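Take a look at the letters that make up each chain.
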Amino acid sequence: MHPVGGGQAQLDLHAERVGAGRLLLPRRDGHRHDRRLDLDPDTSSWKQLSTTFTTGASTTSVSVYTHGWYGQAAYYADDISVYGPDGGGGGDPAPTVPAAPTGVSVSSTTSSSVSLAWSTVSGATGYNVYRNGTKITAVTGTSATVTGLAASTSYSFQVTATNSAGESAKSATVTGTTTATGGNGGGSLPKHAVTGYWQNFNNGATVQKLSAVSSQYDIIAVAFADATTTPGAVSFTLDSAGLGGYTVDQFKADIAAKHAAGKKVVISIGGQNGTISVSDSASAANFANSVYSLMQTYGFDGVDIDLENGINATYMTQALRSLSAKAGSSLIITMAPQTIDMQSTSNAYFQTALNIKDILTVVNMQYYNSGTMLGCDGKVYGQGTVDFLTALACIQLQGGLAPSQVGLGLPASTSAAGSGYVSPSIVNNALDCLTAGTNCGTFKPSKTYPDLRGAMTWSTNWDAAAGSSWSNSVGAHVHALP
């Protein structure tokens, strides 16, 4: 209670299932003073009641009593509050129950969660979230993620606003449906697919238009988007001059033609020199909005994450889920981490992949420019061998990714990377070892993974410069896998 020190105060309370009630308040002379509030005996809902009283000049506290009235039914009372002058000339306005939240929407879903967002309610200090009519969580912000849900199931949600005066009415109901278990983002891709990076620059490899990219490539990653001055946001500018006068209209038409041939084209973010940073909610939103804008402008099917200078798992996850909510289930999300980034599930890249497993298409780890690395058996393996590919892929397969989300990333030629090139026959042997248990080296996985997605190369341009030997061999082998 406020030490009110001489002044008028207001007292509020809630009462339920009442006959009649009486409040007993002190008089200035110290005697109790009856202040009766009659309560409707027929109501079964909470009702807010209030009265005022005046304290003496030296009063520093008050005692409030409630009791029944002349044999009426029992009632319940709670949330008793006193508001009055603070002794210094100020005042505390009595709060009112906030309005029901508006703008409640489903911002994203996974196979086990639904994320909600809503508009701020004036005067609210918190919000309660209800699932199928039952309160399940309370939050202070204007968003919440409900977890522990069943896959491919619809749930109804409502939100209320709260403060010291009480809880608002429930919002309008929204429905969220969880996705199916086991990510396979991208929909219509073949079971086994080949990914190739297409260079939007001339670095000595064959200069190509998209129309010239071999039909062996199922996913073409356009390298690269550019950072902007807005944190997290990216842009894309076709290097028309460096690509022999390739126009934007031709580029867009070539993407459409690849679509007609059943291929996917994504915009790649990062690369060796990429400096895009997604490190908070604002930059995550900027990332999602800018990538989605590029998808609408050029016809990209999704995004490739190739950030070699670090990644924030929390906010990249947030960004990709936001993009997924905008683009829908056909969104392609590929990733190309370095070997070091996938050595442990505690690494941020691996965490991000697992966080978005329900919407992730494929992780094509770069098995080059790596040196030696640990395999899933704890042994050290060097580049250039079947064992290096299979024992490192095993870490991802045992760490939680679905086999359909694992691909082997290799250079298309000795010119394409500083180290790590292996002949197409070695790549094919590794694919056989992982999918069928044949053509293995000294390392043999404990089980086979017939749904392994396939392989990736840097780049379609270097492949073309080497006479398409990589795509003709590995591409044909991937597509022949059962």
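About the thresholds
Residues numbered from 1 in each chain as written. Predicted model: local features only at pLDDT ≥ 70, side-chain atom pairs only at ≥ 80, totals over all residues. Heavy atoms only, no water. Pairing = 2+ DSSP bridges. Helix = DSSP H or I, 4+ residues; strand = E, 2+ residues; numbered from the N terminus. Axes fitted to C-alpha atoms, helices over the stretch in contact; angles between N-to-C directions. Left-handed = near helix turned anticlockwise from the far one by under 90°. Contact = heavy atoms within 4.5 Å. Nonpolar A, V, L, I, M, F, W, Y, C, P; charged D, E, K, R; others polar. Buried < 20%, exposed > 50% of the residue type's maximum accessible area, 1.4 Å probe, protein only. Lys, Arg positive; Asp, Glu negative; His and termini not counted. Salt bridge = Lys/Arg side-chain N within 4 Å of Asp/Glu carboxyl O. Polar contact = N/O pair within 3.5 Å; in protein donor to acceptor, adjacent residues only side chain to side chain.

Some details on the sheet that holds strand β7 (residues 105-109)
Working step 1: If you walk across this open sheet you meet the three strands as β7-β8-β11, and the pairing is antiparallel. Only two strands of the sheet have a single partner each, and these edge strands are β7 and β11 (143-146). For this sheet, the mean inter-axis angle between neighbouring strands, taken without regard to orientation, is 25°.
Working step 2: Examined bridge by bridge, strand β8 (residues 114-117) and β11 share four bridges and lie antiparallel to one another. From the neighbouring strand, S115 faces β11, where its bridge partner is T145.

Focus: the packing of helix α3 (residues 313-327) against helix α4 (residues 348-355)
Working step 1: Running from N to C, α3 and α4 cross one another at 35°; their axes reach a closest spacing of 9 Å. Along this stretch, α3 crosses α4, giving a crossing that reads as right-handed. Touching A313, M316, T317, L320 and R321 of α3 are A348, Q351, T352 and N355, all from α4.
Working step 2: Classifying every residue of the contact of α3 with α4 gives four nonpolar, four polar and one charged.

As for the side chain of K258
Working step 1: Tracing the chain through its elements places K258 in helix α1 (residues 248-260).
Working step 2: Lacking a salt bridge, the buried K258 has D254 as its closest oppositely charged neighbour, with an N-O distance of 8.4 Å.
Working step 3: Only 2.8 Å separates the side chain of K258 from the backbone oxygen of V213, close enough to count as a polar contact.
Working step 4: In this view, K258 contacts L210, S211, V213, S214, I220, K263 and V265; residues no more than four positions away in its chain are not counted.

Examining the environment of G232
Working step 1: Of note, G232 is situated in the loop between β17 (226-227) and β18 (234-235).
Working step 2: A sequence separation of 56 residues divides G232 from A288, and the C-alpha atoms of the two residues are 8.5 Å apart.
Working step 3: If sequence neighbours within four positions are ignored, G232 has contacts with I276, S277, V278, S283, N286, F287 and S290.

Description of the pattern of salt bridges
Working step 1: Going through the model one piece at a time under the given rule, you end up with three salt bridges.
Working step 2: The closest approach of N and O atoms between D451 and K191, which form a salt bridge, is 3.2 Å. Of this pair, D451 sits in the loop between α6 (424-436) and β26 (454-458) while K191 sits in the loop between β14 (174-177) and β15 (193-199), placing them 260 residues apart in sequence.
Working step 3: You can call K191 partly exposed: its relative accessible area is 44%.
Working step 4: One salt bridge in this structure joins D358 and R321, with 2.6 Å as the shortest N-O distance. Residue D358 is found in the loop between α4 and β22 (362-366), and its partner R321 is found in helix α3; the two are separated by 37 residues along the sequence. Accessibility classification places D358 together with R321 in one group, the buried group.

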